[in-house]
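Summary of the model geometry
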Amino acid sequence: MSAFLDKMRRRGGRYLGVRSAPVRPERGVFSLSFDDIPVTAWTEAGPILEEHGVTATYYVAGGLSGGQNLGLPQFTTDHLQALFGAGHEVGCHTFGHTSALAVSPADYAADLDRNAAWVAERLAGHVMTTFAWPYGDVSVGAKAVVADRFKLARGVRDGVNAGSADRANLQAIGLESRRLPGYDLEALMAGTAARTGWLVAYGHDVMDGPTPYGCTPDDLDHVIRLAKAAGLEILPVGQAWERMAT
């Protein structure tokens, strides 16, 4: 019964409480994001991003710092400060990598407060303006909390954002070994350009022999090259949103 209720709550979070916003960039946009920040999302992905001259969004959950997740070492404060100093966006992923289905909206808000304070202390007062839902779990109550605090929130539902989108649950594609074989990436990039839309990708670890939630360095290099070949502008999530808003 619990699994069924969670499924219904996820569906409610997807289709209820929509904060519709226009998505009309001057040209198609592609954004890369990394959740949780396994060490390799910086040490392996960082040089590839630098080589291509692009920046990404790193969604941080402070409670994971220095620990393990999915059997992989997670970022340290030094990693976080280095990627922030390199011009990458740091966004919020809750403090405890908390599912919106597991706690009350009030407890979810408290967890967001904790993450905000944790990040601000380590990044000279940085205020995070974008959010990514841990596990892609969205509840109606948490959605209201998140929409009030952040300019936008990124989800995990496949798709290109074009014309308009729910700013509290943007569509995205998974830059993950378990999902990549199911995408026609070249067609997705071309379609984003043709629709003058916004394609957001999310991943986790970047290494040879990645987890099901990560990708290889060659995968990352390939997707950036495809975006460039399609004529898409590559921007971090928050910067892309600001560009559209202005």
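You'll find the structure just up there.
These numbers were taken from a predicted model, which means no experiment stands behind them.

**Observations concerning the overall build of the chain**
Secondary structure assignment for the chain yields 9 helices and 12 strands. C-alpha atoms of the chain, sized along the principal axes, occupy 45 × 40 × 40 Å. Going through the 246 residues of the chain one by one, you find that 55% of them count as buried. When contacts within the chain are restricted to residue pairs at least 6 apart in sequence, those whose partners lie at least 24 apart make up 72%. Here the chain displays about 10,400 Å² of accessible surface, and carbon together with sulfur accounts for 52% of that area. For the chain, the distance from the average position of its 22 positive side-chain charges to the average position of its 27 negative side-chain charges is 9 Å.

**Structural notes on the packing of helix α5 (residues 105-122) against helix α6 (residues 140-149)**
Closest axis-to-axis distance for the α5/α6 pair is 8 Å, and the angle between their directions is 35°. The handedness of the crossing between α5 and α6 is right-handed. Contact residues: α5 offers Pro105, Tyr108, Ala109, Leu112 and Asp113, while α6 offers Gly141, Ala142, Val145, Val146 and Arg149.

**Re the side chain of Thr216**
The topology assignment puts Thr216 in the loop between β11 (198-203) and α8 (217-229). Residue Thr216 is classed as buried on the basis of its relative accessible area, which comes to 18%. Within the structure, the side chain of Thr216 is placed 3.0 Å from the backbone nitrogen of Asp219, a separation counted as a polar contact. In this view, Thr216 contacts Val206, Met207, Asp208 and Pro210; residues no more than four positions away in its chain are not counted.

**Topic: unusual backbone geometry**
The backbone of Ile37 shows a phi angle near 65°, a positive value even though the residue is not glycine. Phi at Tyr135 takes a positive value of approximately 65°, unusual for a residue other than glycine. Relative to the helices and strands, Tyr135 resides in the loop between β7 (130-132) and α6.

Conventions used here
- Within each chain, residues carry numbers counting from 1 in the order of the written sequence.
- In keeping with the predicted nature of the model, local features appear solely for residues at pLDDT of at least 70, side-chain atom pairs appear and are counted solely at 80 or more, and the whole-chain, interface and lining totals rest on all residues.
- Side-chain metrics rest on all non-hydrogen atoms present in the structure, leaving aside hydrogens and water.
- A run of H or I in DSSP counts as a helix once it spans at least four residues, and a run of E counts as a strand once it spans at least two, with each numbered from the N terminus.
- When a residue's accessible area, from a 1.4 Å probe over protein chains only, is under 20% of the maximum for its type it is buried; when over 50% it is exposed; and in between it is partly exposed.
- Every residue pair with non-hydrogen atoms within 4.5 Å of one another is taken to be in contact.
- Using the Shrake-Rupley algorithm and a 1.4 Å probe, accessible areas are obtained, with residue cover drawn only from the displayed protein chains.
- For the purpose of counting charges, residues Lys and Arg are taken to be positive, whereas Asp and Glu are taken to be negative. His and the chain ends are not included.
- Note that the charge is assigned to NZ on lysines, CZ on arginines, CG on aspartates and CD on glutamates.
- The angle between two axes is taken between their N-to-C directions and runs from 0 to 180 degrees, where each axis is a line fitted to C-alpha atoms and a helix contributes only its stretch in contact.
- Left-handed describes a crossing whose near helix is turned anticlockwise from the far helix by less than a right angle; the clockwise case is right-handed.
- Think of a polar contact as two N or O atoms within 3.5 Å of one another; within protein, one of them needs to be a possible hydrogen donor and the other a possible acceptor, and neighboring residues in sequence only count if both atoms come from side chains.

Interpretation note: all reported values are geometric properties and have no functional meaning in isolation.
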